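Letter by letter, the chains look like this.
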Amino acid sequence: MKTIIVPTDYSDNAWYATEYAAHVAQKTNAGIILFHAVDLPLITTEVPVDIPSLDELNRHHMIRLEEIKTQLMNKYHIQVTCKLSLGAVAEVLTRYFKEAKADLIIMGLRGTNPVGKLLMGSVTSTLLKRGDLPILVIPRDFSYKNIKHIMLASDFDSSCSLSPLRDMAEAFGAQVEVLRLPQPMPAGHSPERTASYIDFENQLSGVKLEYTYLYGEDIQRGIDQSVCESHSDLLVMIPRKYSFFERMFDKNNITKMAFHTKTPLLALPAEK
């Protein structure tokens, strides 16, 4: 892992996510890009409104980003740069993620910036529903703790890049518990022989793995219970549109889980 993008609206919850990202960067030797997007308001009234110029906004936000950068560099001794963009947050963040060839986005939920009227939770929700970027979501008021146990819920229905998971598991020396969600297979086939499963094991070669099967109709409740019982420090899921467990792995449902879970959730995009 080389580059982690951390969007911020300067809220407390954004700071919790920033500190979490700093710990991950420290462990993985990655650099952090502090990201903020200025979404200019649309003026629809004829009454004169005193709004700052674009140059004034840029100076204001760059000063704030530089302050956070200094804090992180002094405390964690990591590489930090700042990026200020103009436009709707989700759109410019998606575009910049690709331009920067970043590996991961780490962001918080329900952060509120009174100046920019930016609701970080809505941005996170939008990105999770799109399901095309690797995003690590930090719950509200969550304080960092070392990652020792990772829970991966998967039905091995499609392949995806597991690089962020592998890099974090290796860097922290964490155990990965694979919560397998069984699905019907053609006669004479087993889950171990699927191409997706083979790809999964190849990508996580060298990572400490253990397997647990989850049965029952209420999959979300089963995942919650497994995370709680195993004291998992990170939950990993793969949003996808079509699969045997479409209702559970639907992007909207994973978004809902991100908003109610008390455990950081890493959503990895499935290959299209």
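Caption draft 1: Here's a closer look at the packing of aromatic side chains. Per the counting criterion, the structure on display carries three aromatic pairs. For the pair tyrosine 20 and tyrosine 144, a centre-to-centre distance of 5.4 Å together with 75° between the ring planes defines the contact as edge-to-face. With tyrosine 20 in helix H1 (residues 12–28) and tyrosine 144 in the loop between strand S7 (135–138) and strand S8 (149–154), this pair connects stretches of sequence that are 124 residues apart. Taken together, the ring pairs in this structure connect Tyr20, Phe142 and Tyr144 into an aromatic cluster. Residue placement shows arginine 64 over the ring face of tyrosine 10; its charged tip is 4.2 Å from the ring centre.

Caption draft 2: Highlighting the pattern of salt bridges. Throughout the structure, instances matching the rule amount to five salt bridges. Taking the shortest distance from any N to any O, the salt bridge between lysine 69 and glutamate 66 comes out at 3.9 Å. You can see lysine 69 and its partner glutamate 66 sitting in helix H2 (residues 54–76), three residues apart, about one turn around the helix. Since its relative accessible area comes to 33%, glutamate 66 is described here as partly exposed.

Caption draft 3: How the structure looks around the sheet that holds S7. Pairing is mixed in the open sheet, where ten strands are placed in the order S3-S2-S1-S4-S7-S12-S11-S8-S9-S10. Across the chains shown, the open sheet's two edge strands, defined by having one partner strand only, are strand S3 (80–86) and strand S10 (209–213). Ignoring which end each strand starts from, the neighbouring axes of this sheet average 25° apart. Alignment of S8 against strand S9 (residues 175–180), held across six bridges, turns out to be parallel. Each residue of the ladder has a partner; that of methionine 151, found in S9, is glutamate 177. Against the sheet, H1 engages strand S1 (3–7), strand S2 (31–38), strand S4 (104–108) and S7, with an angle of about 145° to S4. Across the sheet, helix H6 (residues 195–203) lies against S8, S9 and S10, angled at about 145° from S10, the strand it touches most.

Reading the values: the criteria
- Residues numbered from 1 in each chain as written.
- Predicted model: local features only at pLDDT ≥ 70, side-chain atom pairs only at ≥ 80, totals over all residues.
- Heavy atoms only, no water.
- Phe/Tyr/Trp six-rings, centres within 6.5 Å; stacked < 30°, edge-to-face > 60°.
- Helix = DSSP H or I, 4+ residues; strand = E, 2+ residues; numbered from the N terminus.
- Lys NZ or Arg CZ within 6 Å of the ring centre and 35° of its normal.
- Salt bridge = Lys/Arg side-chain N within 4 Å of Asp/Glu carboxyl O.
- Buried < 20%, exposed > 50% of the residue type's maximum accessible area, 1.4 Å probe, protein only.
- Pairing = 2+ DSSP bridges.
- Axes fitted to C-alpha atoms, helices over the stretch in contact; angles between N-to-C directions.
- Contact = heavy atoms within 4.5 Å.

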